[in-house]
Amino acid sequence: MTPADYDYLRKLVKERSGLVLSADKQYLIESRLLPVARKIGAAGLAELVVRLKSPGAEPLVVDVVEAMTTNESFFYRDKIPFDHFRDSILPEMIKARASQRRIRIWCAAASTGQEPYSLAMILREMKEKLAGWRIAILATDLSAEVLEKARAGIYSQFEVQRGLPIQMLVKYFTQTGDTWQIAPEIRAMVQYRPVNLLADFASLGGFDVVFCRNVLIYFDAGSRRRVIDNLYERLTPGGYLLLGHSESLLNLSTAFELVHLSSDLVYRRPLPAGRDGRER
């Protein structure tokens, strides 16, 4: 693969997904795209680039972008954000949205579904407190392939052992051979849609809680700023934004207010002046 081919692939992936690949990541491109090249009968990455530049290459472009997109996920990842969601954010939302009795949650980089299903299990455990409420979880990702896996809710033994408490496994999963499938009532709580965070997602409507974790680290500063600004617009006043443990809004946005929750910080869209967040 020539330097020109490598630069072309880097630019293509960045434009379509926001993923920034530094000049020393050629090994990563080769390891992930050689299987794509072999699948279409191309001799190597040089021929793959030629095919990508040909008319009618859009399906191949999608395959390339999906192959390069990082899709690491596991249940209750980092644990603390999910504890905050259960112990602090949800109780506040139950008070603040008491007259509407409706909460909308968005997992903005859902990957193979472990994050939204973790939230769904938390909500299921609180079903008595939420009786009569309309709770919606929207889970989105750029990759159609991972969304298909997420909808099926089928995970390997290794995947269910990563972060999932044994009592949740026993209660909400059914084993079939070497795999585990999450219960239909949990799958039914999550709606999946393909969404590119670099595109306009205003049509999704407003949300009370947004999980956008461990995705901004792959964007450049300009793309991060654009995504954060758009997420702010999608949050209802008083709504929460939760990022990954290595992500922050430093030098990206001053629109949010910092909220201290025991052992961590989360971000909230401020309420209009003179309001305490509760519906009257």
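In case you missed it, the structure is sitting above this.
Residues numbered from 1 in each chain as written. Predicted model: local features only at pLDDT ≥ 70, side-chain atom pairs only at ≥ 80, totals over all residues. Heavy atoms only, no water.

A. Here's a closer look at the overall build of the chain. Looking only at helices and strands, the chain has 11 helices and 10 strands in total. Radius of gyration (C-alpha) of the chain: 20 Å, near the 19 Å computed for a compact globule of 280 residues. Dimensions of the chain, computed from C-alpha atoms along their principal axes, come out at roughly 65 × 50 × 35 Å. The burial tally for the chain puts 47% of its 280 residues in the buried class. Expressed as a percentage of contacts within the chain between residues at least 6 apart in sequence, the contacts between residues at least 24 apart total 74%. Of the roughly 13,800 Å² of accessible surface on the chain, a fraction of 52% belongs to carbon and sulfur atoms. Computed over 38 positive and 33 negative side-chain charges, the inter-centroid distance for the chain is 5 Å. (Helix = DSSP H or I, 4+ residues; strand = E, 2+ residues; numbered from the N terminus. Rg over C-alpha atoms; globule rule 2.2 N^0.38 Å. Buried < 20%, exposed > 50% of the residue type's maximum accessible area, 1.4 Å probe, protein only. Contact = heavy atoms within 4.5 Å. Areas by Shrake-Rupley, 256 points an atom, 1.4 Å probe, with all protein chains shown as cover. Lys, Arg positive; Asp, Glu negative; His and termini not counted. Charge placed at Lys NZ, Arg CZ, Asp CG, Glu CD.)

B. Region of the structure containing the environment of Gln161. Along the chain, the position of Gln161 falls in the loop between helix 8 (157-160) and helix 9 (166-172). With a relative accessible area of 55%, Gln161 lands in the exposed category. Each C-alpha atom of the pair Gln161 and Lys25 lies 30 Å from the other, and the pair is 136 residues apart in sequence.

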